[in-house]
Every structure is written in structure tokens, then in C-alpha cells.
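Each chain, letter by letter, is given below.
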Amino acid sequence: MIKVKYDIGIVGAGVAGLSTALHTCSKIDGSIIIVDKGRIGDPRKTSPFTFPDIIERYGLGDSVLQRYKRFTYRSPTGVSATFEYEEPAFVTLNYEKACRNMLDRIRKEGNVDVLENVEVRSFKFNKSFIQTKNLTLTLSDSDNITIHVLVDASGKSFLAARKLGLKLPPLYSHSYGELLGGCEVEDPHEMCILAGKKYGNGGGWFYPIDERTSRFGFATVTRTSDFPMGVVKQNFVKAREEFYPYYRMIKNARTIRPEFGTIPLGPLRKFVHPRILIVGDAAGQATPWYCEGVRPALESGALCAEILCEAYRKKNYSARILKKYQKKWEAINRKIYSKSAKMGFWSWFRSQEEWDKAVKEVASLTSEQMLRRVRYNQT
Ligand SMILES: Cc1cc2nc3c(=O)[nH]c(=O)nc-3n(C[C@H](O)[C@H](O)[C@H](O)COP(=O)(O)OP(=O)(O)OC[C@H]3O[C@@H](n4cnc5c(N)ncnc54)[C@H](O)[C@@H]3O)c2cc1C
């Protein structure tokens, strides 16, 4: 039974919304509702790598599909840089399992209700004489829910940003890949990020899962959020036939499922608005350098939860308290995101020669430096 009033409403049950819920529900007894319009953790919508320490910190060990001790950055012209690690430095993840894992832990706390396959169509502020008292969510199944505070984790739907008329991220990485079976993978512990513009200016990935299974795909970065299915699929098919050495490993492979979607690139200027906190892709928090969105969403969710708990305990949802979420995020991230944003247009729209130069340049880095480059855009 769903109630009509909750303390906290979370829209979107991807990693951002679930991390927020998980880190909130175990610390306060306030009531929480999570609403998702689709299948929670839909595996067709992403193809993610992340890092082993993130898996450990968020208790997602059962969601790891493969661990990698070798990392290669490779361009279609053949230029490449390979890095070796004594311990696994990267992992690829089963997104659905990661989401279900968090959801199971959330449900155990007993103060969270979950609505699947229900869309939040809109929301409105309910005002007392002078200030916003709470919000009402309008749901697609015709019920309304009143909440004290809204966490928008709706990913590229940008529920809050669109309703509030905020400026959306300037760039979008549209990725199309496939989970492939029947491959002949040469090294199942080597993760590859693919550079260059031949198959899409957003680069690509080859993440083996075992000797017979791998994830392979490419991305195109554009200035609009419309998914260019024709272009990205055509690029993928071409890369699958030509990109050495992967075409050799996947020439007899069969498609298990497509994995595709859009990653917004570039954080919103403000993630905090009266009674609203925005997290994950809905806030444009994926890294605009390697388009890594899972770790940022998990970390921002935990940060957002810290502030939500403080606001709930003090029964005070004023901007003074909620803004601490943005302040803490800025202190950790704004500088590196801004540095990357300045390069943004150039780096996605550069020539193949410039891509190759970048691959040659990272070849001189140590393995640890390369890890920091991928994660924090620094050496
Ligand atoms: C093909 C591909 C490959 C990728 N590879 C990587 C990678 O290698 N590493 C990495 O870190 N990241 C990768 N990403 C990015 C990463 O998947 C995302 O950044 C991350 O999943 C964002 O999580 P989120 O919770 O913010 O959003 P999402 O996972 O998109 O969750 C948003 C949720 O909100 C729900 N929703 C939206 N609107 C509403 C509404 N109005 N009402 C109710 N529910 C709503 C949606 O159904 C969805 O479940 C990749 C993405 C794609 C598409």
C-alpha cells in the first residue's frame, strides 16, 4: 500500500537514486518513496566499467562481471598504450544486479516504498503564506503524493531541470554497443577504451567478460540530447567489421542484447533548488572526459543523503541546509570538471591526428598516472 505523504520522494531508481535512498534510509526513520517509470537497472541502457574500490565501498561485489589487470587505450589507426596492474584496477558491472542489490538492502530498512513502472509526470510546490511547505508529485497511475523534499535522479529525463527551466548540459554522448556471445577473446582481463573519430567522435569500449563474451561499442558526442540511432548503429557495425584487433575476436559473435543510451556531459550550474536536490545524470555529473557516470552517481547520492539526513533530523529543509550538498560536491569536483569543460568542445571534435597524439602522449604515463587520468582527469 502506497501512502499519500512521505518525507522524501526520489524520482529514478538508477544508481544515483538508489545510492541516495540507501545512504538515507539506514540513518533516519523518515518515510521515503522511490518512483521509477521503467524496469529498475534496465541492462539495455548502459555498459559500465568502474573501479574495485567503488565496488567495495558500496557493497556491490556480486554485480561484478569481470576484473581487469590490464588496460589499453587504442586508436583505429593502430596507435595504442597499454598499462599493467598488479591488482585489478577496473571492473565491468552488471547494472541490473547492482541496482537490485541496493534495492534489496533498502527494502530491509522498512521505511521505503518503491513504485516500479510508474512515471512522475510533474510536480508542484505547495505554499504556505510566505514559503514552500511541500511538493506534490503527479504520477502516471493517477495518484498524487505529497513530499517534503524531492530528489531528482531521473537521469537524462531531467525532470527538475526541465520543469524549472534550467540550462541543460552542453554536450551528450550517445553510445551504442552490444553484449556479444561466441567471441574469441584473446585476454579476458584486458579492458580497452577506444579513441578516435572514425566510428564516432566519442570513442568506444571493449570490455571482455570471459573468453567467449564481451561488450563492444562506440559513442558519438553531439550538442543535442536526441539519440541518433541510425548514426551510432552504423558506426558500431563498421567498427565491428574493421577495428583491429577486435573484429578478429568478434567476427563470429552473436548479439545477446544491445546496450545503448545517452550520457549528459557537463554539470548543471545548480543542483539545489528550494526543496529539490538533483543527483547523477540528471545533474550532469558523469565525467566529461571518459563519460564515467556510475561512480559519480554513487558518490553524489551518498553526499546528497548526508545532507538529507541532516535536514530531516533538524526538520529544516531550508536552502541554507540543502545547499551544503552542492558546496561539498563543488569542493571535491568543480575544479576538475571545469578544466575538462574548457577542453570539451575541442576534445570531442578534434581530428584523428590529434586523437592519435593524445594516445601517444598517455603512453609515457605510468600505470598509476593513467588510472588517475581516467578517474580524475589528472596525472
Ligand atoms: C551505452 C552506455 C555505456 C556506458 N558506459 C559507462 C561506463 O563504462 N562507466 C560508467 O561509469 N558509466 C557508463 N555509462 C553511464 C552510466 O550508465 C550513467 O551515467 C549512470 O547509469 C547514471 O545513473 P543515474 O542513476 O543518474 O541515471 P539512470 O541510470 O539513467 O537512472 C534514471 C532512472 O530514472 C527513471 N526515470 C526517468 N524519468 C522518470 C520519471 N519522470 N518518473 C519516474 N522515473 C523516471 C528512469 O527509468 C531510470 O531508471 C554508460 C552509459 C551508456 C548509455
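All of the points below concern the structure found in this document. (Residues numbered from 1 in each chain as written. Predicted model: local features only at pLDDT ≥ 70, side-chain atom pairs only at ≥ 80, totals over all residues.)

With respect to the overall build of the protein
Along the protein, the regular secondary structure elements total 10 helices and 18 strands. Scaling as 2.2 N^0.38, a compact globule of 379 residues should have a C-alpha radius of gyration of about 21 Å, and the protein matches this with 21 Å. Considering only C-alpha atoms, the protein reaches an extent of 65 × 40 × 40 Å along its principal axes. The buried share of the protein, reckoned over its 379 residues, is 46%. (Helix = DSSP H or I, 4+ residues; strand = E, 2+ residues; numbered from the N terminus. Rg over C-alpha atoms; globule rule 2.2 N^0.38 Å. Buried ≥ 20, exposed ≤ 12 C-beta atoms within 10 Å, placed from the backbone.)

Topic: the pairing of strand β2 (residues 32-35)
Neither face of β2 is left uncovered, since the one carrying Ile 32 and Ile 34 and the one carrying Ile 33 and Val 35 both have all their residues buried. In terms of strand pairing, strand β1 (residues 5-11) meets β2 through 4 bridges, oriented parallel. In the strand pairing of β2, Val 11 is matched with Val 35. Tracing the backbone out of β1, into helix α1 (residues 15-25) and back to the parallel element β2 gives a crossover that is right-handed. (Pairing = 2+ DSSP bridges. Right-handed = clockwise from strand over helix to strand, strands pointing away.)

Section: the sheet that holds strand β7 (residues 90-93)
Sheet architecture is open: 3 strands sit in the order β3-β7-β4, paired in antiparallel fashion. Here the strands that pair on one side only, and so sit at the sheet edges, are β3 (49-50) and β4 (64-68). Both β3 and β7 contribute to a ladder of 2 bridges, which runs antiparallel. In the sheet register, Thr 50 faces β7, and the bridge partner there is Val 91.

Some words on the sheet that holds strand β13 (residues 190-194)
Here we have 7 strands laid out as an open sheet, ordered β6-β5-β13-β14-β15-β12-β16, and mixed in their pairing. In this open sheet, the two strands that pair with only one neighbour each are β6 (80-84) and β16 (254-265). Direction aside, neighbouring strands of the sheet carry axes that sit 15° apart on average. Judged from the 5 bridges that link them, strand β5 (residues 70-74) and β13 form a sheet pairing that is parallel. Paired with Tyr 73 across the bridge in β13 is Ile 193. (Axes fitted to C-alpha atoms, helices over the stretch in contact; angles between N-to-C directions.)

A look at the site of the ligand
Not every one of the 40 residues close to the ligand is listed here, only the nearest: Gly 12, Gly 14, Gly 155, Gly 280 and Gly 293. Within the residue set of the shell around the ligand, elements represented by two or more residues are α1, β3, β12 (171-181), β16 and α7 (294-314). Broken down by element, the shell around the ligand gets its largest block of residues, 4 residues, from β16. For the shell around the ligand, a count of residues per class yields 16 nonpolar, 16 polar and 8 charged. (Near = placed C-beta within 6 Å. Nonpolar A, V, L, I, M, F, W, Y, C, P; charged D, E, K, R; others polar.)

A closer look at the pairing of β12
For β12, the buried fraction is high: 10 of the 11 residues fall into the buried class. Strand direction decides the pairing type here: β12 and β16, joined by 11 bridges, are antiparallel. Counterpart to His 174 in the pairing with β16 is Thr 262.

A short note on the packing of α1 against helix α3 (residues 95-109)
Interhelical geometry of α1 versus α3 gives an angle of 25° and a closest axis separation of 9 Å. Taken together, the axes of α1 and α3 are roughly parallel relative to one another. For α1 against α3, the interelement crossing comes out left-handed. Residues Val 15, Leu 18, Ser 19, Ala 21, Leu 22 and Cys 25 of α1 lie in contact with α3, whose contacting residues are Ala 98, Cys 99, Met 102, Leu 103, Arg 105, Ile 106 and Glu 109. Looking at the contact of α1 with α3 residue by residue, the class counts come to 10 nonpolar, 1 polar and 2 charged. (Parallel < 35°, antiparallel > 145°, perpendicular 65-115°, else oblique. Left-handed = near helix turned anticlockwise from the far one by under 90°. Contact = placed C-beta atoms within 7 Å.)

Digging into the nonpolar core
The biggest cluster of nonpolar side chains holds 107 residues, and the ones touching the most others in it are Leu 277, Ile 278 and Val 279. By residue number, the principal contributor to this core is α7, which donates 10 residues. Ile 278 has contacts with Asp 152, Ala 160, Ala 161, Leu 268, Phe 271 and Ala 283, leaving out every residue within four places of it along the chain. (Core = buried A, V, L, I, M, F, W, Y, C linked by C-beta atoms within 7 Å.)

Quick word on unusual backbone geometry
Here the amide bond leading from Tyr 244 into Pro 245 is cis, since omega sits at 0°, within 30 degrees of zero. Topologically, Pro 245 is positioned in the loop between α5 (229-242) and α6 (246-250). Even without being a glycine, Asn 117 presents a positive backbone phi close to 60°. Residue position: Asn 117 is located in the loop between β8 (112-115) and β9 (120-127).

Topic: the packing of α1 against α7
Where α1 meets α7, the axes come as close as 7 Å, and the angle between the chain directions of the two elements is 35°. Where α1 crosses over α7, the handedness of that crossing is right-handed. Of the residues in α7, those touching α1 at Val 15, Ala 16, Ser 19, Thr 20, His 23 and Thr 24 are Val 294, Ala 297, Leu 298, Ser 300, Gly 301, Ala 302, Cys 304, Ala 305, Leu 308 and Cys 309. By residue class, the composition of the contact of α1 with α7 is 10 nonpolar, 6 polar and no charged.

A short note on the environment of Lys 45
Positionally, Lys 45 belongs in the loop between β2 and β3. Judged by the 19 C-beta atoms lying within 10 Å of it, Lys 45 falls in the partly exposed class.

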